[in-house]
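Overview (structure and organization)
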Amino acid sequence: MRIIVCKNYEEMSVKAGEIVKDVIGRLHRPKIGLATGSTPEGLYKELIRMNKEDILNFEHAETVNLDEYVGIDENNEQSYHYYMYDKLFNHINIKDSNIHIPSCKDKSDKDALIDYDKELDYVGRRDIQILGVGNNGHIAFNEPADKLNLRTSFVDLTDETVESNSRFFEDGETVPNRAITMGIGDILNADTILMMANGEKKQDVVKEFIECKMLDTHFPISMLHVHKNVILLVDEIAYAKVGNK
Ligand code: F6R
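Below: a short report on this structure.

Cut-offs and rules
- Residues numbered from 1 in each chain as written.
- Predicted model: local features only at pLDDT ≥ 70, side-chain atom pairs only at ≥ 80, totals over all residues.
- Heavy atoms only, no water.
- Helix = DSSP H or I, 4+ residues; strand = E, 2+ residues; numbered from the N terminus.
- Contact = heavy atoms within 4.5 Å.
- Salt bridge = Lys/Arg side-chain N within 4 Å of Asp/Glu carboxyl O.
- Buried < 20%, exposed > 50% of the residue type's maximum accessible area, 1.4 Å probe, protein only.
- Phe/Tyr/Trp six-rings, centres within 6.5 Å; stacked < 30°, edge-to-face > 60°.
- Lys NZ or Arg CZ within 6 Å of the ring centre and 35° of its normal.
- Near = heavy atom within 4 Å.
- Polar contact = N/O pair within 3.5 Å; in protein donor to acceptor, adjacent residues only side chain to side chain.
- Areas by Shrake-Rupley, 256 points an atom, 1.4 Å probe, with all protein chains shown as cover.

1. Overview of the environment of Thr-36
Along the polypeptide, Thr-36 turns up in the loop between strand S2 (31-34) and helix H2 (41-52). With 35 residues separating them along the chain, Thr-36 and Met-1 place their C-alpha atoms 23 Å apart. Aside from chain neighbours lying at most four places away, what touches Thr-36 is Asn-65, Asp-67, Tyr-80, Tyr-83 and Met-84.

Take a look at the structure:
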């Protein structure tokens, strides 16, 4: 694993943009795995800038997203569909038909899983997968558990994750406690994995991830240790506890 420590969030976002550009810049049909949450917002601004300056072209790019809440409409501002269009897709030259986000709209749970697995199979191995991590070590919405799913599945979010996500919701709004998520097998199906983490809340998870010696389903991020090309991109604050007893 390559570890890159940046001064702050801004520097981390610029560096993430450079890494993405290095991986997909010359590809005709880049395949990109995307995450939501606050971590990649700065990266998405960089991708928009590079697209506007003709440094990156998304005309033939295919994107797959990690996850989506269950029980809120895709037009709802809190949905990950809304987030992706708002933070990235509305501002770059990507084709709507090349965007893949798990969806439960107008379909049974069973079909939602089958359909997203099919979309992932259609896109195939990604050139790069962007990831963030939950404070409890979840990746996508694969929460700590006795078993982890390889493919798309429904998950009940832990109280800790619901609590952490509540910062995006207005007072009184219900924070969803169920989600559909890409599985660990598909997350690992990428040539490069770019895991980003910043800020004080990520100090413990970053330390545990770097220092862990075992794969642990109760610490899902540990599964990334089986992948041969992971870049861990962090800011100085998130990295601060590494090496401390
Ligand atoms: C988002 C996702 C989650 C987040 C994680 C960190 O699509 O899959 O695993 O990456 O919860 O969220 P932030 O970036 O808001 O700290």
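2. Here we look at the pattern of salt bridges
Taken as a whole, this structure holds 14 salt bridges when the rule is applied. The salt bridge partner of Arg-178 is Asp-109, with a shortest N-O separation of 3.4 Å. Remark: Asp-109 occurs in helix H4 (residues 109-123) and Arg-178 occurs in strand S8 (residues 178-181); sequence separation between them is 69 residues. We classify Asp-109 as partly exposed; its relative accessible area is 35%.

3. Focus: the packing of aromatic side chains
Counting across every chain of the model gives 6 aromatic pairs. Consider the rings of Tyr-80 and Phe-141, whose centres lie 6.0 Å apart with planes at 20°: the pair is stacked. Within this pair, whereas Tyr-80 is found in helix H3 (residues 80-87), its partner Phe-141 is found in the loop between strand S6 (126-131) and strand S7 (153-156), the two being separated by 61 residues in sequence. Summarising the burial analysis for this pair, Tyr-80 and Phe-141 share the class buried. An angle of 75° between the planes, with centres 5.3 Å apart, marks the rings of Tyr-85 and Phe-89 as edge-to-face. Using a relative accessible area of 25% as the deciding quantity, one classes Tyr-85 as partly exposed. By relative accessible area, Phe-89 is classed as buried at 4%. Cluster of aromatic residues (ring-pair linked, three or more members): Tyr-69, Tyr-80, Phe-141 and Phe-169. A cation sits over an aromatic face here: Arg-29 above Tyr-122, 5.8 Å from the ring centre.

4. Let's talk about the side chain of Thr-63
Among the secondary structure elements, Thr-63 is positioned in strand S3 (residues 62-65). Every residue in contact with Thr-63, bar those within four places of it in the chain, is listed here: Ile-32, Leu-34, Phe-89, Ile-94, Asn-98, Ile-99 and His-100.

5. Examining the site of the ligand
The local shell around the ligand holds 15 residues, among which Thr-39, Asp-67, His-138, Ala-140 and Lys-202 are the closest. Within the backbone of Ser-38, one N or O atom sits 2.9 Å away from an oxygen atom of the ligand. In the environment of the ligand, an oxygen atom lies 2.7 Å from a nitrogen or oxygen atom belonging to the side chain of His-138. Burial of the ligand by the protein amounts to 94% of the accessible area it has alone, namely 410 Å².

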